Amino acid sequence: MLARTWARTQKDPDRMTNPVTQFFRTRAHQYMLRRWNAAAREAETADLFDLRDIGLRAKQMRDRADRVSHIADSRLAMPRVGSNAILKPVGSDWAVRPELWSGPITPKGLVAAKNKSPLGRSVTLFHDCPLSEVTMRQVRNMHESDLAPYGLRMDVFRFEGSFLSLVLDVPKDGLAGLQRRHILRVDTRIETEKPLEVFARLNIKHGPNVEQVVRELPMKKDGPAVEFDLAHTGISEKRLERIWLDLIFERPEMNEIYLRDLTLSRRPRAEF
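All of these numbers come straight from a predicted model, not from anything done at the bench. (Residues numbered from 1 in each chain as written. Predicted model: local features only at pLDDT ≥ 70, side-chain atom pairs only at ≥ 80, totals over all residues. Heavy atoms only, no water.)

## Some details on the sheet that holds strand β12 (residues 240-250)
Strands belonging to one sheet form pairs held by backbone hydrogen bonds; the direction of such a pair is parallel or antiparallel.
Now for step 1: Here we have six strands laid out as an open sheet, ordered β3-β4-β7-β12-β9-β10, and antiparallel in their pairing. Here the strands that pair on one side only, and so sit at the sheet edges, are β3 (117-119) and β10 (209-216). Direction aside, neighbouring strands of the sheet carry axes that sit 25 degrees apart on average.
Now for step 2: Bridge analysis of strand β7 (residues 164-169) against β12 gives five bridges, and the strand direction is antiparallel. Bridge pairing in β12 links L168 to L245. (Pairing = 2+ DSSP bridges. Helix = DSSP H or I, 4+ residues; strand = E, 2+ residues; numbered from the N terminus. Axes fitted to C-alpha atoms, helices over the stretch in contact; angles between N-to-C directions.)

## Observations concerning empty space enclosed by the protein
Now for step 1: Overall, the coordinates contain one cavity of 30 Å³ or more when judged by the stated rule.
Now for step 2: Within this model, the largest cavity holds a volume of roughly 90 Å³.
Now for step 3: The wall of the largest cavity is formed by W94, V170, G174, L184, R185, V186, L202, F228, I243, L245, L264 and S265.
Now for step 4: With three residues, the single largest contributor to the lining of the largest cavity is strand β8 (residues 182-192). (1 Å grid on protein atoms, 1.4 Å probe; cavity = no way out; pocket = protein on both sides within 12 Å on 5 of 7 lines; lining within 4 Å. Points joined across faces, edges and corners; volume = space filled by probe spheres on them.)

## Focus on the confidence of the model for the protein chain
Now for step 1: In the predicted model, the protein chain carries a mean pLDDT of 83, and 87% of its residues have values of at least 70.
Now for step 2: A low-confidence stretch, residues 5-16 stays under pLDDT 50, and its non-local contacts, those more than four residues away or across chains, total eight contacts. (pLDDT = per-residue confidence, 0-100. Contact = heavy atoms within 4.5 Å.)

## Some thoughts on the side chain of D246
Now for step 1: Its location among the elements puts D246 in strand β12.
Now for step 2: Side-chain polar atoms of D246 contact the side chain of N203, separated by 3.1 Å. (Polar contact = N/O pair within 3.5 Å; in protein donor to acceptor, adjacent residues only side chain to side chain.)

## Points about the packing of aromatic side chains
Now for step 1: The final tally for this structure, using the stated rule, is zero aromatic pairs.
Now for step 2: Above the face of the Y258 ring, R153 is positioned so that its terminal group lies 4.4 Å from the ring centre.
Now for step 3: Here R242 stacks its cationic end above the ring of W244, 4.0 Å away from the centre of that ring. (Phe/Tyr/Trp six-rings, centres within 6.5 Å; stacked < 30°, edge-to-face > 60°. Lys NZ or Arg CZ within 6 Å of the ring centre and 35° of its normal.)

## What about the environment of D229?
Now for step 1: For D229, the position within the fold is in strand β11 (residues 225-229).
Now for step 2: In this structure, the C-alpha to C-alpha distance between D229 and R269, residues 40 residues apart in sequence, is 8.4 Å.
Now for step 3: With near-sequence residues (within four places) excluded, D229 lies in contact with R180, H182, I183 and R269.
Now for step 4: Reaching out from D229, the side chain makes a polar contact with the side chain of R269 at a distance of 2.9 Å.

Here is the structure:
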């Protein structure tokens, strides 16, 4: 086997390190398995002094093996950073997961976040609380069911303001080819410590005008989503300048809000 591996690496030197290293790792692992099989047989007849030494070495190996297994299971269960996997409705011609949920940002968090505090390049916090007790931080999603590599966790303590919202700028490519026959969709995964009302407000600037449409997120459903049918708006398709989305949280005090994922997509309405 080693001869065949060596022959392959001679034809392709760039492959030399990986196959040879893997070969010796496999042989070392097989050797260790044989040693511990022998130790298991020895433990059945060994005297108490030798048995104590065998047991100590076994515990040391088990601790390290358990640690490696835990790290491997955790990393394999985590969604891959940079993943573009998005569950899109059939017929979608555009979809995006904002930067905060798709990759690491700077800064990763804010304490006592002030009004108009940005988190990354696409999300901004707005509120009118005179004394901010709001913290925000980007966290790594760990659950195997997560598609987004990262999530946003907000902790709101005492809150004496009248509104708290996150503003997300929709990328410019979402404007390309946008027409009134399109339906814009917002998919989320939100977990809260206490029941909470959340509203999504779509803002479309066309010329000097701004069209606004508000929908309530159905928080009782798993993965709440809302849709905005642009046919019911008065936007001018030729004068589109900017789109942004407000996520508005009603009475957020003393609550932990975890936005595990957020994606935007659009699809043309079926013609009849």
